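Tertiary structure, described
So the chains spell out like this:
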Amino acid sequence: MSYFMIENKGEAPITAFTVLGATTNRDSEIPGLIGMFGSGANMGTLDLLRHDLPPIIYSGRTGMEFLTKSLPVKDVGGNVTYHQQVYVKYSGTSTKTEKLSWALAYGERDWGSIEFALREYVSNAIDAM
């Protein structure tokens, strides 16, 4: 299996990859940083998962591997549709698997191209150097 690795010397907070809106550069005094909404890393992760390229991220000694599981959702008429809910499996400092509160379809109309995910991950790595 081949991998594409993006690396920097910094250590991103785990919440940047697991909680929508938890991290933002909106009020940063450093010019040129991306990150107004605190959702880019999450959206990048969703985009990679939609392209069957599950990201593996390390923050210090903690590894995060993202995956999806089927989520049945019943509408008001009783019809069931199946969505893919996102989970993160930790390694290193923890071995738990956490169910995240986002589904694979979130943002697919806005983030339909893998280039958006790569731009987000590379930009974050550059900003954190």
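Conventions used here
Residues numbered from 1 in each chain as written. Predicted model: local features only at pLDDT ≥ 70, side-chain atom pairs only at ≥ 80, totals over all residues. Heavy atoms only, no water. Helix = DSSP H or I, 4+ residues; strand = E, 2+ residues; numbered from the N terminus. Contact = heavy atoms within 4.5 Å. Buried < 20%, exposed > 50% of the residue type's maximum accessible area, 1.4 Å probe, protein only. Pairing = 2+ DSSP bridges. Axes fitted to C-alpha atoms, helices over the stretch in contact; angles between N-to-C directions. Phe/Tyr/Trp six-rings, centres within 6.5 Å; stacked < 30°, edge-to-face > 60°. Lys NZ or Arg CZ within 6 Å of the ring centre and 35° of its normal.

Quick look at the side chain of Asn42 now. Following the sequence through the fold, Asn42 ends up in helix α2 (residues 40-50). Setting aside chain neighbours within four positions, we find Asn42 in contact with Ala16, Phe17, Thr18, Val19, Leu20 and Trp102.

Glancing now at unusual backbone geometry. One non-glycine residue with positive phi stands out, namely Asp52, at about 60°. Looking at the element boundaries, Asp52 is found in the loop between α2 and β1 (56-59).

Turning to its location among the elements, Ser59 is positioned in strand β1. The class for Ser59 is buried, based on a relative accessible area of 5%. Taking the C-alpha atoms as reference points, Ser59 and Gly10, 49 residues apart in sequence, are found 8.5 Å from one another.

This part is about the pairing of strand β3 (residues 80-91). When strand β2 (residues 62-74) meets β3, the two strands line up antiparallel, connected through 12 bridges. Bridging from a neighbouring strand, Val73 pairs with Thr81 of β3. Direction of pairing for β3 relative to strand β4 (residues 97-103): antiparallel, over a ladder of 4 bridges. Each residue of the ladder has a partner; that of Tyr87, found in β4, is Lys99.

Once that is clear, we can look at the sheet that holds β3. Ordered in space as β1-β2-β3-β4, the 4 strands form an open sheet in which the pairing is antiparallel. Two strands lie at the open edges of the sheet, namely β1 and β4, each paired on one side alone. Strand-to-strand twist of the sheet, defined as the mean angle between neighbouring strand axes without regard to direction, takes the value 35°. Bridge count for β1 against β2 is 4 bridges, and the pairing is antiparallel. Each bridged residue has a counterpart across the sheet, and for Ser59 the counterpart in β2 is Thr62.

Moving on to the packing of aromatic side chains. In the structure shown here, the tally under the stated rule is 2 aromatic pairs. The cationic tip of Lys69 hangs over the ring face of Tyr87; the distance from NZ or CZ to the ring centre is 4.5 Å.

With respect to the helices and strands, Ala12 occurs in the segment before α1 (15-18). For the pair Ala12 and Ala125, spaced 113 residues apart in sequence, the C-alpha separation works out to 8.9 Å. If we skip the residues at most four places from it in the chain, Ala12 touches Phe17 and Ser59.

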